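Chains, contacts and geometry: an overview
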Amino acid sequence: STDLTSTVGYDSIVQRLNDGRKNCKEFEDILKERAIIEEKYGKELINLSKKKPCGQTELNTLKRSLDVFKQQIDNVGQGHIQLAQTLREEAKKMEDFREKQKLHRKKIELIMEAIHKNRNLQYKKTMEVKQTGFCFLPYGALLYLFSLSHFWQLFLKLAQTKSALEDSDRSYQQSVITLEKIREEWQKEHIKACEFFETQECERINYFRNALWLHVNQLSQDCVQNDEKYEEIRKSLEMCSIEKDIDFFVNLRKTGSLAPAPVVYENYYNTERNATPVRSSVPVPISR
């Protein structure tokens, strides 16, 4: 803007910096909220693996697979809790970065605020002095409008007015000189402030970008680690043998290798009922 007292451009820069700080705060809040979700999910997984029964009566290889399954669910829960802690640490780093930039900005903004105030006051003073010079009437032109009796009074008044006009002009010139010095100082500090703000904004964008990149990498790493835990379950299931589990159950619960002897009919009304009934001499073995 060509208006010396205008701060439109400066205000736009400051607003951009404020918006950037707000954006960082929003990302920081997302990290904190995600940490709460991850921690809650992790604790629920741990409680699930410890308190919820799953295949308590299974045997042998499938039993071992289920044990691995529950242990890895617990490990996944622990991983989510660890991720929650990591996210909180990243949120704290973002908060520290925001506050550090805010502190550095505050020093520059205070300097610019003082310069703007001083510039505007001097500009107002200069314009007032300038306006004062325009208010003096050209008394010399009025000499011909008065009679001779009033001539000397008017002449004296004109001399006083001329002296006041010269004083006003000198004051106006001095105000302009002072204003120009202030303008040069303001312009110098304004350029320095803009360069500082540009550097700070570049740092903010770079930090924000890297923080977001790191966050996504942490989520990906958590997924990879979870998949590694699930892979342990798959490996355990590959070792699960249906035949071994059946044989294990049979050997654990078997009652013998021979079947019970057949039941024979005995006729108690037969006079020869005490005769030994005919039986198979060799028990029939049990076949699975």
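Residues numbered from 1 in each chain as written. Predicted model: local features only at pLDDT ≥ 70, side-chain atom pairs only at ≥ 80, totals over all residues. Heavy atoms only, no water.

**Quick look at helix α4 (residues 242-253)**
When the terminal C-alpha atoms of α4 are compared, their 17 Å separation across 12 residues agrees well with the 16 Å that a helix rising 1.5 Å per residue should span. Measuring from the side-chain oxygen of the N-cap residue of α4 to the backbone nitrogen of lysine 244 gives 3.2 Å; that N-cap residue is serine 241. (Helix = DSSP H or I, 4+ residues; strand = E, 2+ residues; numbered from the N terminus. Expected span 1.5 Å × (residues − 1). Polar contact = N/O pair within 3.5 Å; in protein donor to acceptor, adjacent residues only side chain to side chain.)

**Here we look at the packing of aromatic side chains**
A ring pair, where both rings are aromatic, is described by two values, the distance of the centres and the angle of the planes. If you walk through the whole model with that rule in mind, you get four aromatic pairs. On the basis of an interplanar angle of 50° and a centroid distance of 6.2 Å, the ring pair of tyrosine 10 and phenylalanine 197 is categorised as tilted. Here tyrosine 10, found in helix α1 (residues 8-51), pairs with phenylalanine 197, found in helix α3 (residues 151-238); they are 187 residues apart in sequence, far enough to count as distant. On the basis of relative accessible area, tyrosine 10 is assigned to the buried category, the value being 10%. Taken together, the ring pairs in this structure connect Tyr10, Phe196 and Phe197 into an aromatic cluster. Across the ring face of tryptophan 186, the terminal group of arginine 119 is positioned such that the distance to the ring centre comes to 4.9 Å. (Phe/Tyr/Trp six-rings, centres within 6.5 Å; stacked < 30°, edge-to-face > 60°. Buried < 20%, exposed > 50% of the residue type's maximum accessible area, 1.4 Å probe, protein only. Lys NZ or Arg CZ within 6 Å of the ring centre and 35° of its normal.)

**As for empty space enclosed by the protein**
Sizing a probe to match a water molecule and rolling it over the atoms shows the empty space that remains. One pass over the structure, following the stated rule, counts one cavity of 30 Å³ or more. Here the largest cavity defines a volume of roughly 90 Å³. What lines the largest cavity is Leu17, Arg21, Cys24, Arg98, Gln101, Lys102, Arg105, Gln200, Glu201 and Arg204. Mapped onto the lining of the largest cavity, the elements with two or more residues apiece are α1, α2 (60-134) and α3. When residues of the lining of the largest cavity are assigned to their parent elements, the largest contribution, four residues, is made by α2. (1 Å grid on protein atoms, 1.4 Å probe; cavity = no way out; pocket = protein on both sides within 12 Å on 5 of 7 lines; lining within 4 Å. Points joined across faces, edges and corners; volume = space filled by probe spheres on them.)

**Digging into the pattern of salt bridges**
Oppositely charged side chains are able to pair whenever their charged atoms sit close together. Taken as a whole, this structure holds 19 salt bridges when the rule is applied. One salt bridge connects glutamate 90 with lysine 93, and the closest N-O pair in it is separated by 3.5 Å. Separated by three residues within a single helix, glutamate 90 and lysine 93 lie in helix α2, roughly one turn from each other. (Salt bridge = Lys/Arg side-chain N within 4 Å of Asp/Glu carboxyl O.)

**A look at the side chain of arginine 119**
Within the secondary structure layout, arginine 119 lies in helix α2. Take arginine 119: its relative accessible area is 0%, and that puts it in the buried class. Within polar-contact distance, the side chain of arginine 119 engages the side chain of asparagine 120 at 3.2 Å. Non-local contacts of arginine 119, meaning those with residues more than four positions away in its chain, are made with Leu4, Thr5, Ser6, Thr7, Leu179, Ile182 and Trp186. (Contact = heavy atoms within 4.5 Å.)

**Here's the deal with unusual backbone geometry**
For residues besides glycine, phi is generally negative; the peptide bonds are generally trans as well. The residue asparagine 60 is not glycine, and still its phi comes out positive at about 60°. The residue asparagine 60 is located in helix α2 in this model. The buried category is assigned to asparagine 60, whose relative accessible area is 18%.

**Examining the nonpolar core**
Cys24, Phe27, Leu31, Ala35, Leu83, Ala84, Leu87, Ala91, Met94, Phe208 and Ala211 form the largest nonpolar core, which has 11 residues in total. When residues of this core are traced back to their parent elements, those giving at least two are α1, α2 and α3. (Core = buried A, V, L, I, M, F, W, Y, C linked by side-chain atoms within 4.5 Å.)

**Here we look at the side chain of histidine 80**
By the element assignment, histidine 80 lies in helix α2. Look past the residues within four positions of histidine 80 in its chain and what remains in contact with it is Glu38, Glu39, Tyr41, Gly42, Leu45, Asp222 and Asn226.

**Comments concerning the confidence of the model for the protein chain**
Looking at the protein chain as a whole, the pLDDT averages 84, with 81% of positions reaching at least 70. Model confidence for the protein chain, summarised as mean pLDDT per element, is weakest for α3 at 85 and strongest for α1 at 94. Taken as a whole, residues 139-145 scores under 50 in pLDDT and shows 10 contacts with residues more than four places along the chain or in a different chain. (pLDDT = per-residue confidence, 0-100.)

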